[in-house]
Amino acid sequence: MPAVVRSFYHVFTAPDVNPPWWAVSGHIWIMVFLAFLAPLCFLHRLDSLRHTSYVALFSVLYLVCIVIFCYWFPPEGTVKPGPIHLIKFDKSFVSTFPVQVFAYTCAQNLFPLYNELKSNTQPRMNIVIFTSIFSATATYEIIALFGYLTFGSKVGANIIAMYPSTTIFIAIGQFAIVVMVMFSYPLQVHPCRGCLDKVIGGTKKAVAPPSETQSLNEEEIEEEELDPHGSHGKMSKTKHVALTSAIVGFGFVIAYFVDDLQLILSFVGSTGSTTISFILPGLFYFKLFRNDPGHSRVLLGAALALALYGAMIFVFCLTFNIIKVIDSHRV
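Keep in mind it's a predicted model, so treat the numbers as computed, not measured.

With that out of the way, let us pick up the overall build of the protein chain. For the protein chain, the helix and strand inventory stands at eleven helices and zero strands. Moving toward the C terminus, one meets the helices and strands of the protein chain in the order α-α-α-α-α-α-α-α-α-α-α. Of all 331 residues assigned to the protein chain, the portion counted as buried reaches 27%. For the protein chain, contacts bridging at least 24 residues in sequence account for 77% of all contacts bridging at least 6. Of the accessible surface of the protein chain, which amounts to about 21100 Å², a share of 71% is contributed by carbon and sulfur atoms.

Here we come to the packing of helix H3 (residues 50–72) against helix H6 (residues 122–151). Contact geometry of H3 with H6 gives a least axis separation of 9 Å together with a crossing angle of 30°. Between H3 and H6, the interaxial angle falls into the category roughly parallel. Judged by the twist between their axes, the crossing of H3 over H6 is left-handed. The residues of H6 that touch H3, namely those facing Val60, Leu63, Val64, Val67, Ile68, Cys70, Tyr71 and Trp72, are Thr139, Ile142, Ile143, Phe146, Gly147, Leu149 and Thr150.

Let us now look at the UniProt feature "transmembrane region" (unreviewed entry) in the protein chain. The UniProt record annotates "transmembrane region" (unreviewed entry) at residues 20–42, 54–74, 94–115, 127–149, 161–183, 241–258, 264–286 and 298–323. Across residues 127–149, the secondary structure splits into 100% helix and 0% strand, with the terminal C-alpha atoms separated by 32 Å. Structurally, residues 241–258 is divided into 94% helix and 0% strand, and its ends, taken at the C-alpha atoms, are 25 Å apart.

Per the counting criterion, the structure on display carries one cavity of 30 Å³ or more. Of the pockets and cavities examined, the largest cavity occupies roughly 30 Å³. Residue lining of the largest cavity: Leu40, Cys41, Leu43, Leu49, Pro186, Val189, His190 and Arg193, and that is the complete set. Elements with a contribution of two residues or more to the lining of the largest cavity: helix H2 (26–41) and helix H7 (168–201). Ranked by residue count, the leading element in the lining of the largest cavity is H7, at four residues. Across the lining of the largest cavity, the residue classes break down as six nonpolar, one polar and one charged.

Counting through the fold element by element, Trp29 comes out in helix H2. Residue class for Trp29 comes out partly exposed when judged on its relative accessible area of 22%. Along the primary structure Trp29 and Tyr256 are separated by 227 residues, whereas in three dimensions their C-alpha atoms are 9.8 Å apart. Not counting residues up to four positions away in its chain, the partners in contact with Trp29 are Met1, Pro2, Val5, Ala23 and Val24.

What the rule picks out here adds up to two salt bridges. Residues Lys198 and Asp197 are paired through a salt bridge, measuring 3.5 Å at the closest nitrogen-oxygen approach. Between Lys239 and Asp197 there is a salt bridge, with the nearest N and O atoms lying 2.8 Å from each other. In this pair, Lys239 is assigned in helix H9 (residues 237–257) and Asp197 in helix H7, connecting sequence segments 42 residues apart. Connected through shared salt-bridge partners, Asp197, Lys198 and Lys239 make up one network.

Tracing the chain through its elements places Lys80 in the loop between H3 and helix H4 (91–103). Judged by its relative accessible area of 67%, Lys80 is exposed. On a C-alpha basis, the gap between Lys80 and Phe151 in space is 6.5 Å, while along the polypeptide they are 71 residues apart.

Mean pLDDT for the protein chain: 79, with 87% of residues reaching 70 or above. The model gives residues 219–232 a pLDDT under 50, and that stretch makes 15 contacts with residues more than four places away or in other chains.

This part takes up the side chain of Thr150. Within the secondary structure, Thr150 sits in helix H6. When near neighbours in sequence (up to four residues on either side) are disregarded, Thr150 contacts Cys70, Tyr71, Val79, Pro81 and Tyr163.

Turning our attention to H6. Across its 30 residues, H6 extends 43 Å between first and last C-alpha, which sits within 8% of the 44 Å expected from 1.5 Å per residue. Residues of H6 that are buried include every one of Met125, Ile143, Phe146, Gly147, Thr150 and Phe151, and no others. For H6, the elements touching its buried residues are H3 and helix H5 (110–116). Phi for Gly152, located one or two positions after H6, is positive at around 65°.

A word on the packing of H2 against H9. Two numbers describe a pair of packed helices, the interaxial angle and the distance between the axes. One can describe the packing of H2 onto H9 by two numbers: an axis separation of 11 Å at closest approach and a directional angle of 160°. In terms of orientation, H2 lies roughly antiparallel with respect to H9. Where H2 crosses over H9, the handedness of that crossing is right-handed. In this structure, H2 contributes His27, Ile30, Met31, Leu34 and Cys41 to the contact, and H9 contributes Thr244, Val248, Phe252, Ala255 and Tyr256. The residue inventory of the contact of H2 with H9, partitioned by class, reads eight nonpolar, two polar and no charged.

Thresholds, definitions, all that
- Residues numbered from 1 in each chain as written.
- Predicted model: local features only at pLDDT ≥ 70, side-chain atom pairs only at ≥ 80, totals over all residues.
- Heavy atoms only, no water.
- Helix = DSSP H or I, 4+ residues; strand = E, 2+ residues; numbered from the N terminus.
- Buried < 20%, exposed > 50% of the residue type's maximum accessible area, 1.4 Å probe, protein only.
- Contact = heavy atoms within 4.5 Å.
- Areas by Shrake-Rupley, 256 points an atom, 1.4 Å probe, with all protein chains shown as cover.
- Axes fitted to C-alpha atoms, helices over the stretch in contact; angles between N-to-C directions.
- Parallel < 35°, antiparallel > 145°, perpendicular 65-115°, else oblique.
- Left-handed = near helix turned anticlockwise from the far one by under 90°.
- UniProt positions renumbered as here; feature names shortened; annotations may be inferred.
- 1 Å grid on protein atoms, 1.4 Å probe; cavity = no way out; pocket = protein on both sides within 12 Å on 5 of 7 lines; lining within 4 Å.
- Points joined across faces, edges and corners; volume = space filled by probe spheres on them.
- Nonpolar A, V, L, I, M, F, W, Y, C, P; charged D, E, K, R; others polar.
- Salt bridge = Lys/Arg side-chain N within 4 Å of Asp/Glu carboxyl O.
- pLDDT = per-residue confidence, 0-100.
- Expected span 1.5 Å × (residues − 1).

Pasting the structure below:
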């Protein structure tokens, strides 16, 4: 956000005029955003965040327009591109792999989406999954391709920061990225809170006698109308507030003391994303179908191979990130 403030300040005043110190203080902006985002994080349903998601999607579309436009019509002051390689494998590729894994980690929101869809049939879920992955892939490819062709090997981790903030067009784009990242945070708090609820206080549902089954089913239907997660997903108000406060507070501490976003994404991608995307799906699949005599042994072996691959990526990328942090402190 400080860079956004500088951009708007230079656009509406003069390039050599600097904004006041409090307007470019990252810590102050973090506290401002915390006050704005905290109420959104306490909402119970993902559907309640649909309006902020619309704004975030518009921000992504605006970024795509900037990257394409600035490739064909580079603004004055744009950095000259470095060498462009069709294929290049080096240390930087390894360091960005966890970020790439994190970019496609969306499975944590699948079950809340399934519960909140009015028609959550398998064909409808297939449409949701395909649309989400296809649109995300297309967005990543467009931004990566045009961004790399614009700056070559000089391209940075934050593509929007590479463009000169001399026009209102770029300044709005930088602000759009801030809005996108800001509104994506409550979407991550929701599944995190649900997972912690199951891990900390998950209880098994008691088995009712056959005579009571019908009455219990009627009660469950009424409860599910109030709670999209069903009887298993009910959470007390105290626990809801406590877990949300802990998540938001922990996130605030990280944001306040850590400046390198790529470093955070690398650690999240090498740990959480590899676990969600590779390790757990493989282990769950093997656990569910290993005793099924008619199930394919090849698929079971592939599931174990996927889990093993995720474990290797987990160890390798996490070790690489730790070494990278140690080396940066030695310099």
